[in-house]
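An overview of the molecular structure
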Amino acid sequence: MAEAVLDVRDLAVEIDGRNVVDGVSLEVGRSEVVALVGESGCGKSMIAFAVMGLLPAVARVDRGQILLGGEDLVQIGEEAMRQVRGDRLAMIFQEPVSSLNPLMKVGEQVAESLVVHRAVTRQEAWGKAVEMLRKVGIPEPERRAGQLPAELSGGMCQRVMIASALISRPRLLIADEPTTALDVTIQAQILNLMKELRGFGDTAILIITHDMGVVADIADRVCVMYGGRIVEAAGVGETFARPSHPYTRLLLGTIPKLTGERKHLLRSIEGTVPDIAEWPSGCRFRTRCPLADEVCAETPPFLPIPGDPGHHSACWHLDKVGEIA
Ligand code: SF4
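Just so it is clear, the structure is predicted and the values come from calculations on it, not from any experiment.

Within the chain, the secondary structure is distributed over 11 helices and 14 strands. Here the C-alpha radius of gyration of the chain, 20 Å, is about what a compact globule of 325 residues would show, namely 20 Å. Based on the C-alpha atoms only, the size of the chain along its principal axes is roughly 65 × 50 × 35 Å. Per-residue burial for the chain yields a buried fraction of 50% across its 325 residues. Only carbon and sulfur atoms are counted for the fraction: they give 51% of the accessible area of the chain, which is about 14,800 Å². On the chain, the mean spot of the 34 positive side-chain charges and the mean spot of the 43 negative ones are 3 Å from each other.

Given below as structure tokens:
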């Protein structure tokens, strides 16, 4: 892997005395796209908010380090964190329209981080914002820059968010379900745009998604989460060719397949992610896993897969994972 831009070590996030994120370690290298994948409630968005220093008031980092370029964001305090956000660290959200300021011209919103964090005049920043809007594929960017978010479509608002996130060339961009709220055609356009812009200014991307189709499209590496823990991590090719955790294998079965005009969901995973108060002891997937037995009441270690460099999984029954249809 390229030199780590983000290095999360043994991170735990606590709400009401329970760890919603429990000992997560992951790295994102320069220009690399890492996908953090899992169903809702698995803790993936909580990791994004912890990295951004934007945890909800009820949550706090219980232990661990979040190193950005070697600096531990857990330790630096809110004032320094404000400087980091929008400069070295940026985030795009699921709901582009509601994430933009409805009363501010989109050009000003894109220019804002340059005005705040860089020594540029408003006029220079405006010019760079128009250029960035052009780069993300907004037609007539000079005119669009002067409009309010309500005058743009949802897909265009997502492009505006991407432009405002990337204009200061952050070291890390976090994209939290960036295409979920968009229709399928616009989703594909936004993913293509993210692929084009990957590595823009060496920016690394951590993409949070529940959609293995998005993962296949854009990621270099994948970390699969369940019950607040990473259960499998591997390169995207290995993840799809040799999934080594029952949960990953079942997630892969949920990828929609296009058959003519019709979209089929192959299968959904039985049951739902249990509420945090009901997470079982040992392997947290054992209430839904077709391979679960009494051994799984102990927590499986997260270990390298022999003969598959960079591939790790936490399962007692690695030898049987291939039996899951
Ligand atoms: Fe399933 Fe047991 Fe493996 Fe957990 S440890 S994923 S319950 S087989």
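That was the structure; now back to the text.
We now examine the sheet that holds strand β1 (residues 4-15). Strand order in this open sheet of four strands is β2-β1-β4-β5, and the pairing throughout is antiparallel. Taken across any chain shown, the strands that pair with only one partner, and hence form the sheet edges, are β2 (18-29) and β5 (71-72). Relative to β2, β1 runs antiparallel, the two being bridged by nine bridges. The residue bridging L6 from the neighbouring strand is V28, located in β2. Against the sheet, helix α1 (residues 44-52) makes contact with β1, β2 and β4 (59-68), and its axis sits at roughly 110 degrees relative to β1, the strand it touches most.

For the rest of this paragraph, the subject is the pairing of strand β3 (residues 33-37). A large share of β3 lies buried, amounting to five of its five residues. The two faces of β3 match: V33, A35 and V37 on one face and V34 and L36 on the other face are all buried. Examined bridge by bridge, β3 and strand β8 (residues 204-209) share five bridges and lie parallel to one another. Residue pairing across strands places V33 opposite I205, the latter belonging to β8.

Rules behind the numbers
- Residues numbered from 1 in each chain as written.
- Predicted model: local features only at pLDDT ≥ 70, side-chain atom pairs only at ≥ 80, totals over all residues.
- Heavy atoms only, no water.
- Helix = DSSP H or I, 4+ residues; strand = E, 2+ residues; numbered from the N terminus.
- Rg over C-alpha atoms; globule rule 2.2 N^0.38 Å.
- Buried < 20%, exposed > 50% of the residue type's maximum accessible area, 1.4 Å probe, protein only.
- Areas by Shrake-Rupley, 256 points an atom, 1.4 Å probe, with all protein chains shown as cover.
- Lys, Arg positive; Asp, Glu negative; His and termini not counted.
- Charge placed at Lys NZ, Arg CZ, Asp CG, Glu CD.
- Pairing = 2+ DSSP bridges.
- Contact = heavy atoms within 4.5 Å.
- Axes fitted to C-alpha atoms, helices over the stretch in contact; angles between N-to-C directions.

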